[in-house]
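# Report on the structure
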Amino acid sequence: MTVYAPVSSPAFFVRNNNGNPFTINSTISGSGCLGVKAEGKNGRATFAFGGENSGFTGPLHVGTDGNYDYVTLRISSKANIGGNPPARLERGLWVLYRGTLQATETLTLDDPNRVVNFDTCFIKVDAGKTLRKYNVTIGEEEVELDGETRVRFYAMLAPRGLVVVVK
């Protein structure tokens, strides 16, 4: 699957599912904007990107701003979210309103041009695993860490302060 959609109108995988995750095993490539989101009143959706997607260098959005739905993106390697873009992407991975990024394995997201933005969202790391991320920007609201989460941020920017809740 090749993604060409502009940032102003991202291509979204949409699902309303309270059950098992929807796994996308197709190889993703291109430099367009891709997203995952739930639909429906208080919808919940879980997506998993499988495989090697290093040919995808566009922005990836998890969740959508302003709705009441929850969406989780599970990743087991940094190759799931794509390769290092040729130029700096300020929102290379944007986990926004009611979105969750879940690491199912220990991994480091260290592509220098894929800046990760966490904005009013959740971060979940499976028990016994660690998520490390460089080039992180924290948005205007709060980020909540869920479960037995171990997250390490490096070079973190928090423009309006940061509230982190650890359960």
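The preceding data block contains the structure.
I will try to describe carefully the structure that is included in this document. (Residues numbered from 1 in each chain as written. Predicted model: local features only at pLDDT ≥ 70, side-chain atom pairs only at ≥ 80, totals over all residues. Heavy atoms only, no water.)

## Overview of empty space enclosed by the protein
Basically, it comes down to this: The rule is simple: put a 1 Å grid over the protein atoms alone, call a set of points where a 1.4 Å probe fits but cannot get out a cavity, call an open set with protein on both sides within 12 Å along at least five of seven lines a pocket, and count a residue as lining if it has an atom within 4 Å of a point. Grid points are joined across faces, edges and corners, and a volume is the space filled by probe spheres set on the points. Just so you know the grouping, Ala, Val, Leu, Ile, Met, Phe, Trp, Tyr, Cys and Pro go in nonpolar, Asp, Glu, Lys and Arg go in charged, and all remaining residues, Gly too, go in polar.
A full pass over the atoms with the stated rule returns 1 cavity of 30 Å³ or more. In this model, the largest cavity occupies a volume close to 40 Å³. Every residue lining the largest cavity is listed: Lys-78, Ile-81, Leu-109, Asp-110, Asp-111, Arg-114, Val-116 and Lys-133. Among the residues making up the lining of the largest cavity, the classes are represented as 3 nonpolar, no polar and 5 charged.

## Description of the nonpolar core
What counts is decided by this rule: Joining through side-chain atoms within 4.5 Å is the link that ties buried Ala, Val, Leu, Ile, Met, Phe, Trp, Tyr and Cys residues into a set, and such a set is a nonpolar core. Exposure categories follow from relative accessible area, calculated using a 1.4 Å probe and restricted to protein chains: below 20% of the type maximum is buried, above 50% is exposed, and the middle band is partly exposed. Whether two residues are in contact is decided by their heavy atoms, any of which lying within 4.5 Å being enough.
Phe-49 and Leu-93 are the most contacted members of the largest nonpolar core, which has 29 residues in total. The residues contacting Phe-49, other than those within four sequence positions of it, are Phe-13, Ile-24, Ile-28, Leu-34, Val-36, Leu-60, Leu-73, Arg-74 and Asn-80.

## A word on the pairing of strand β10 (residues 99-103)
Quick reminder of the rule: Where helices and strands are cited, they refer to DSSP runs of H or I of at least four residues and of E of at least two residues respectively, numbered from the N terminus. Strand pairing is assigned whenever DSSP detects at least two bridges linking the two strands.
Of all the 5 residues making up β10, 5 are buried; the element is thus mostly covered by neighbouring parts of the structure. A two-sided burial pattern is seen for β10, the buried positions comprising Gly-99, Leu-101 and Ala-103 on one face and Thr-100 and Gln-102 on the other. The pairing of strand β8 (residues 70-75) with β10 spans 5 bridges and is classified as parallel. Note that in β10 the partner of Val-71 across the bridge is Gly-99.

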